[in-house]
Each structure stands twice: as structure tokens, then as C-alpha cells.
Amino acid sequence: MWTSQLHWLLRCRDGCNPFAQTGRSKLQNKRATVNQQIIKQMRIRAGAENLLKASSNNKVKDMVLLELSYVNSNLQLLMGELEGLNSSVDVYQNAQETTNIPVIALGLKETKEVDFSTAFKDLIRDHYNENGNSFEDQIADLMDLRQACRTPSRNESGVELLAKYSNHLPLVESRFFAPNRPTGIFFTWYDSFTGVPVCQQNLSLEKASILFNMAALYSQIGTRSNRQTAVGLDEAISSFEKAAGILNLLKETYTHIPSYDMSPAMLSMLIRLMIAQAQECLFEKTALPGVRNHFSSLMKMAQEAAKVSEIYDQVHQSMIQTPIKDNVPTFWSTMSQVKTNHYRSMAHYFVASALLDHELGPSDDEDQQEKTLSQVYDQLPDKCSPLDILKRKDERSRMGKAHIRRAITGHEEALRIYSLCPNLTKLDALQDILKASHMRTLEKYNEYEDEEEFADYTEAPDIVSKTEHKAEMEVPAAVKVKVIDFFQRLGPLSVFSARQRWTAPRTVQLVPQDRDLGFTLKGESPVQVVSLDPLCPAAADGLKEGDYLVAVGDTDCKWMSVGEVMRLLKDVDEEGITIQVVSMMDSNPSVPTKSATFSGNLPKTYSMICLAYDDKDKNSKSHKVSKKSSFLSWGLKNKLKSASTLSLPTTDQSGTMPWNKPCRTFPSSSSYNESLS
């Protein structure tokens, strides 16, 4: 045991801390444990339901129904426990955070370990005709990288770790995953909100889940930031905007992922949530130096607060829609509702302060104040204009008190909603902020209280939201990082991929005749044989037009250019030299009719999208090259060929051979599968 842990520590990567004992890691471990218990109960339920359908014995049916009720009760308890874990926002907050309202972080999606070793070695042996055991280190590096991504650090290094694995996945997919060849590798990921497992053989679920975890990690970085400093607020703003950008990238790229936490509706809600929290931090940054007790400054802050309230109201409306409300924690929708009322009340408080504390004086710019006030209101009560409110003291006082009353009502509503949510009442900092805001508003009202105006029922108009700094989605540069293909020794992906098919390497003996080998090399790596003289010794030994050179003697040349291969062949003596070549085969895959996705350990099968291709791309008939009167010598360049083609002995001087056509590619097939309810 200690040996395996030591081995893992030695291979541990930057951005990963598998043995961290922070509150966040403990919470993630609890979430993993609950996920395992949920899948166990779902398996029991699936078995009981199958038995209920198959049995005709009434006594057995009664026993099964009793068992089902017990299992469903357990599932409800586990779902509630998972919701409580998703509501534990306090562990993500900055330790010094006492004066700011808590923000919400996304939890990381959990996954099972995956063993690539056997499947990849078999494919390397059968498909690439290489020794799979020689790639043990590369396979181990890939598996270590994936394992490290399960426990990323809550910083940029952790994000870079996830991005590195994310950018390796397309390379791995091209090497080992073909639509017509199942690998036997299953990727299992758990829904971040419900714990329902989803299992797929293709890499779409894997790639989407890694992107989701990158966004979740950025949201956790944002919640951890110290929002009492300008630097911390900038970090929080940037993190929430990046989280929104990655979620939007996920939404646009993967539209049929069977896990509901990555459905378009859920992702749209999460994007709004991240943008709302970024806008909230922008508001806090504006207020950080203190709000100037000046008419225009107070009105500006009122509209900024109204903007935050407006966005949180949109978030809340998204959260209460079916079926989102059945999947997100109640805590989240309640928190967004509390913030909607809180920031709306703050907006009314700022307007009231501007109207009650700042009368229009001789030195004030009347036109500017009128313009400012007219922009705050979308609609004023009848027979009331911005200039009337500014110039008439009684009207100004009446409107100011109306805003104070509406602010008090809003703060009381926020406190009422707060008291109804058990998970919210655990956040003492939130309660203190709500109570302090309420008391401040009451004190302002008491300063201008007049018993004679007790019957004044003037309703304060809504405040138009406006911001000078709008939160925007941002896709971080870390999403695209350069990586080196673990399996580049297999050759260039343009030829040596899981989608292509080629013959086993053939050995051909090259014997020059008058320093002519009888063919020309063309193309990028790997180089290709063109203009083959059908009467040359190489052709007689099995060399074919369009073959790719993979080795010269004992030297692997899959990645070599034409010039590099020519240097290996330049000094061939009369005894000749052996080369290894492969020929491309028909890569048209047979279309599978079904694709299965396992959700909650239950298979759900759907028809696949048919793979389309152009009939014009069907295999062309082999072309024969006529014998020419003479060959070009080694040292000359064929001026009639392209600049990238260097001349080996050739039987064609036109250079217009059709064998270097690009291989046909197929659209990747996907099936939309709904998660098990």
C-alpha cells in the first residue's frame, strides 16, 4: 500500500494535490461517497423493477413493492444529503470574508478510474502493427494525468492541469477511438447535482465533463478570492467570467450529453449565475472605496445595484423552471431570490438618500440633475416630472420617503426568505449583512418620519438598471494549451489514426540501376511513393504506387520529410537497402445501427446518425504509369514537379499523378440520450 502511494506521489503532477485535507477536498470526498451509495440504490431499484415486471406471483409482487418503497426512500434521503453538500458554500469562501454576501461555487463532477492499458496495447498491436508493450510508459503517463485531474488544485495550476488533459483527448480520440470499432473502455461520470451516473464508450462525455470541471474550478477560485481588496475582486470577476465562458463553450460544443447537469437549459442557467456573480463583484469593486455622498454618485450606485438585482432575478426565474428546479439545490434559488430583493432595496435606498439629503441648490447644475433623474426612472406617477421632484421640496420629500418605504419592504422580504431556508440560516455573515442593511434603512426613514404623512401611499417607481462595467463571458487562454502527443511514435495523425486502415508493413529491397531506384517521393511526413516505374526492381519486389515509407533500413522515417528520407537513400550501394512501406486500404467503416449509453446502470439505446459520404470519393481504380525513355539521376530536381517534391528516379515527368488525394473523413456520430430520471 505504501509502495503504491509513494509511486503515485513520485508521479504526481503540478496542479494536483490528491492528499489535501482542506474543507473543499473533504466535501468532494463526501460527494463521491454519496454518489456511490446512489448508484448502489439505483441498481437495487432497477433489479426490483425488472422482477416486478417478470413475476406473476402476487406475494412476490407485494414483497418487491415493499422493497421498492424502501429503496426510493433511501434515494430521497441520499438526494437530500447531496443537495446539502451542494449547498455548503461556506467551505469555498475566503476565510477572511465577513463583510460580503457569500457567492456560489460549482462542485466538481466525480468520475471512476479508467484503465487504458489493455485496450490501447491491443489496438497498437492489431491496428498499428507495433509492440504495445513498448508504449507502457506513455499509457501510464496518460492514466496518471487523468487520475491527477480528479483532485486538481484550486488555482491556475489546477486549471492548466485540466486543460492539458482536455487537449490530449482529441489526440487520444484520433489514435484509438473509431466509430466502427468499440474499444471496451467505459467512461463513467456522475451528475454534479443529482449524483446519477452516466456511462459512455466514446470520448464526448469525457471531454465535456473535463470542461465542466474547468468551469467549476474557476467558480471555486472566484469564491475563494478576498473580495475586501481590489486585487481580490479583480480575481473574482475574472474567474466568474471565465467560468461563464467555459460553460458557454461547453453548451455550444456538446449539445447531446446525456448528463442533465450539462444540458443546454442547465448550462444556460449556470452561465447566468456566473455572470450575475461577476456583476455583483463589479458592484462591490465600485463601492469598495466608499460611495460619495453626492447626488450623481448616489444615483449611479442605485442603477448599478438595480442591475445586479435584475440579473439575479433572471437567474432565479431560470432556477424555478421545470425541470431545472428539480435538479438544483433549493438553497441556490433561495439565495438568488434573497439577492434580488437585497440589491433592489439597496437601489431604492440610494435614490432615497440622493433625494432626501441633497436639495437642489443655487450652485447645483439643474439640467444635469434633471437628466440624471430622468435616466433613473422609466415611468413616473401622473402629473409628476423629474424637474418637479427636484425643485419642489414637498414632492422631493414625498418621493424620497416612498423609496425608503420600498427599500424597507424589500429588506424585510429578503430576511423572510432567508429565514425559510435551513441551509441559508447557517450563513451568519449573510444574516448580519441583511440585518445591517435593514437597520440602516430604518434609521434613514426615522430621520424623515412625519406622522402627518402617515396616510401617504405614494408608490416609488421602479429604478432603471444601468452599469458602466458589464460582466462578459471570457474564454480563458488556458483552455487551449500546446501538448505533445503521448503516442507520436505511431506516426503522423494524417495517416496513422484509428479511422484509417492500412496493410501490415512490407519489406521491399531497393537496388539502384544506374543510380536510379525507379520512383519519386512526394508529400509531407510520411513521404509517399509516386511515379513508380513498373519495371524497376522495387516494383517487382512489391512496391506499389501510393505506398507510404515507414522505415529505411533500421531507421523509422514516419516523421521524416522528403529531404531527410533522400539523405538516407542517397548513398545506396549496388547491394541495395531494405525499406518498409504500408499501403492505404478502404477506410469506409461499416455503420453500426445502435449506440448504447448507460445512465444509472440502465442501458438506453438509440439509433445513430448515419455516416454520410460522397460517392465520388469511392476507391479509384489503380492507375498504371507508362514506361519513359529515361530516368532522372539522383542529384537533379524535377522542375516540372512542385517545390515540395524532390526527384528520385521517375517514370513520369508531368508530376500530375492522382495518388496523393486526401483520405476521406467522416462526421463523428453521436446520439442524444436523456439521463435517467
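Throughout this document, residue positions are counted from 1 along each chain, in the order its sequence is written. Whole-chain, interface and lining totals are the exception, using all residues; otherwise, since this is a predicted model, local features are given only for residues with pLDDT of at least 70 and side-chain atom pairs are given and counted only at 80 or more. Each side-chain value is worked out from all heavy atoms of the structure, with water and hydrogens disregarded.

The name given to the protein in an unreviewed UniProt entry is Rhophilin-2, with Gouania willdenowi as the source organism. Its UniProt record gives the protein the following Sequence similarities (unreviewed entry) comment, quoted word for word: "Belongs to the RHPN family." UniProt positions are given in the numbering used here, feature names are shortened, and annotations may be inferred rather than shown by experiment.

Caption draft 1: Just the overall build of the protein, in detail. Of regular secondary structure, the protein possesses 17 helices and 10 strands. Here the term buried applies to any residue with accessible area under 20% of the maximum for its type, exposed to any over 50%, and partly exposed to those in between, with areas from a 1.4 Å probe on protein chains only. Looking at the protein as a whole, 51% of its 677 residues are labelled buried. Relative to all contacts within the protein whose residues are 6 or more apart in sequence, the contacts with residues 24 or more apart total 77%. With residues, only the protein chains shown are counted as cover, and all accessible areas are computed by Shrake-Rupley using a 1.4 Å probe. Accessible surface computed for the protein: about 32,600 Å², of which carbon and sulfur atoms make up 50%. Note on conventions: DSSP H or I runs of at least 4 residues are helices, E runs of at least 2 residues are strands, and numbering of each starts at the N terminus. For this analysis, residues touch if any pair of their heavy atoms sits within 4.5 Å.

Caption draft 2: Representation of the packing of aromatic side chains in the model. Aromatic pairs are defined between Phe, Tyr and Trp rings, using the six-membered ring for Trp, whenever the two ring centres lie within 6.5 Å; interplanar angles under 30 degrees are classed as stacked, those over 60 as edge-to-face, and all others as tilted. With the rule as written, the count across this model stands at 14 aromatic pairs. Taken together, a centroid distance of 6.3 Å and an interplanar angle of 80 degrees make the contact between Phe120 and Phe177 edge-to-face. Taken together, the positions of Phe120 in helix α4 (residues 117-126) and Phe177 in the loop between α6 (156-176) and β1 (187-190) put the pair 57 residues apart, joining distant regions of the chain. Phe177 sits in the buried class, given a relative accessible area of 10%. Where Phe177 meets Phe187, the ring centres are 6.1 Å apart and the plane angle is 40 degrees; that geometry is what we call tilted. On the criterion of sequence distance, the pair formed by Phe177 in the loop between α6 and β1 and Phe187 in strand β1 is long-range, its members being 10 residues apart.

Caption draft 3: Quick look at the pairing of β1. Burial along β1 is two-sided: the residues Phe187 and Trp189 and Thr188 and Tyr190 are all buried. Pairing analysis gives four bridges linking β1 to strand β2 (residues 197-200), with the strands arranged antiparallel. Looking across to β2, one finds that Tyr190 is bridged to Pro197. Two strands make a pair as long as DSSP finds a minimum of two bridges between them. Hairpin connection from β1 to β2: six residues lie between these consecutive antiparallel strands, with Gly195 at a positive phi of about 80 degrees.

Caption draft 4: Up close: the pattern of salt bridges. Any Lys or Arg side-chain nitrogen found within 4 Å of a carboxyl oxygen on Asp or Glu counts as a salt bridge. Summed over all chains, the structure comprises 24 salt bridges. In this structure, Arg224 engages Glu235 in a salt bridge whose closest nitrogen and oxygen atoms are separated by 3.3 Å. One end of the pair, Arg224, is in helix α7 (residues 204-224); the other, Glu235, is in helix α8 (residues 230-253), and 11 residues separate them in sequence. On the basis of relative accessible area, Glu235 is assigned to the partly exposed category, the value being 32%.

Caption draft 5: Geometry of helix α9 (residues 264-287). In this scheme, a helix's expected span is set at 1.5 Å multiplied by one less than its residue total. Taking 1.5 Å per residue, 24 residues should reach 34 Å; α9 reaches 35 Å between its end C-alpha atoms and fits that length. Counted residue by residue, α9 has 18 buried out of 24 residues, so it is predominantly covered.

Caption draft 6: Highlighting the environment of Ile104. Counting through the fold element by element, Ile104 comes out in the loop between α3 (58-86) and α4. We classify Ile104 as buried; its relative accessible area is 2%. On a C-alpha basis, the gap between Ile104 and Thr223 in space is 6.9 Å, while along the polypeptide they are 119 residues apart.

Caption draft 7: Fine view of the environment of Ser259. Summarising the element assignment, Ser259 is placed in the loop between α8 and α9. On the basis of relative accessible area, Ser259 is assigned to the buried category, the value being 1%. Taking the C-alpha atoms as reference points, Ser259 and Ser209, 50 residues apart in sequence, are found 9.3 Å from one another.

Caption draft 8: Inspection of the packing of helix α14 (residues 393-420) against helix α15 (residues 428-447) at higher detail. In this description, a line fitted to the C-alpha atoms serves as the axis of each element, helices being fitted only across the stretch in contact, and the angle between N-to-C directions of two axes falls anywhere from 0 to 180 degrees. Across the interface, α14 lies against α15 with an axial gap of 9 Å and an inter-helix angle of 155 degrees. Classified by the angle their axes make, α14 and α15 are roughly antiparallel. Our pair here, α14 against α15, has a crossing hand that is left-handed. Listed contacts from α15 to Ile404, Arg405, Ala407, Ile408, His411, Glu412, Ala414, Leu415 and Tyr418 of α14 are Leu430, Gln431, Leu434, Lys435, Ser437, His438, Thr441, Leu442, Lys444 and Tyr445. When residue character is reported, Ala, Val, Leu, Ile, Met, Phe, Trp, Tyr, Cys and Pro are called nonpolar, Asp, Glu, Lys and Arg charged, and the others, Gly included, polar. A class-by-class count of the residues in the contact of α14 with α15 yields 10 nonpolar, five polar and four charged. Should an angle fall under 35 degrees it is called roughly parallel, over 145 degrees roughly antiparallel, and 65 to 115 degrees roughly perpendicular, with every other angle called oblique. Rotating anticlockwise by less than a right angle from the far helix to the near helix defines a left-handed crossing, while the corresponding clockwise rotation defines a right-handed one.

Caption draft 9: Region of interest: unusual backbone geometry. Note that the residue after Thr322, namely Pro323, is joined by a cis bond; omega there is 5 degrees. In this structure, Pro323 sits in the loop between α10 (295-319) and α11 (330-357). In this structure, Asn129 takes a positive phi of about 55 degrees despite not being glycine. Relative to the assigned elements, Asn129 resides in the loop between α4 and α5 (136-148). Unlike most non-glycine residues, Ser531 shows phi in positive territory, near 50 degrees. Looking at where Ser531 falls in the secondary structure, it is placed in the loop between β5 (528-530) and α16 (537-540). You can call Ser531 buried: its relative accessible area is 0%.

Caption draft 10: Region of interest: the confidence of the model for the protein. Looking at the protein as a whole, its pLDDT mean stands at 80, while 78% of the residues score no less than 70. Known as pLDDT, the predictor's confidence for each residue is given on a scale from 0 to 100. In this model, residues 4-12 is a region of pLDDT below 50 whose contacts with residues beyond four sequence positions or in other chains number 12 contacts. Of the regions scoring below 50 in pLDDT, residues 589-596 engages in 21 contacts with residues more than four places distant in sequence or in other chains.

Caption draft 11: Examining α6 more closely. Between its first and last C-alpha, α6 extends 30 Å over 21 residues, near the 30 Å set by a 1.5 Å rise per residue. For a residue, the bend is simply the angle between two axes, fitted respectively to the seven-residue segment ending there and the seven-residue segment starting there. If you look at α6, its biggest bend is around 25 degrees, right at Leu169, and the proline Pro170 turns up within four residues after that. A 3.5 Å cut-off defines polar contacts: any pair of N or O atoms within that distance qualifies, except that in protein one atom must be a possible hydrogen donor and the other a possible acceptor, and neighbouring residues in sequence count only when both atoms are side-chain atoms. Two or three places before Ser157, at the start of α6, stands the capping residue Asn155, its side-chain oxygen 3.1 Å from that residue's backbone nitrogen.

Caption draft 12: Focus on the packing of α4 against α5. The geometry of α4 relative to α5 is characterised by a closest axis approach of 10 Å and an angle of 140 degrees between their N-to-C directions. Accordingly, the angle class assigned to the pair α4 and α5 is oblique. For the pair α4 and α5, the sense of crossing is right-handed. Residues Ser117, Phe120 and Lys121 of α4 pack against Glu136, Ile139, Leu142 and Met143 of α5. Counted by class, the contact of α4 with α5 contains four nonpolar, one polar and two charged residues.

Caption draft 13: Geometry of the environment of Lys121. Summarising the element assignment, Lys121 is placed in helix α4. Overall, Lys121 belongs to the buried group, its relative accessible area being 18%. Taking the C-alpha atoms as reference, Lys121 lies 8.7 Å from Ile139; in sequence the two are 18 residues apart. When residues no more than four places from it in sequence are discounted, the contact partners of Lys121 are Gly132, Asn133, Glu136 and Ile139.

Caption draft 14: Focus on the pairing of strand β8 (residues 577-582). Both strand β3 (residues 506-510) and β8 contribute to a ladder of five bridges, which runs antiparallel. Bridge pairing in β8 places Thr507 opposite Gln580. As paired strands, strand β6 (residues 548-552) and β8 are joined by four bridges and run antiparallel to one another. The residue of β8 that forms the bridge with Ala551 is Gln580.

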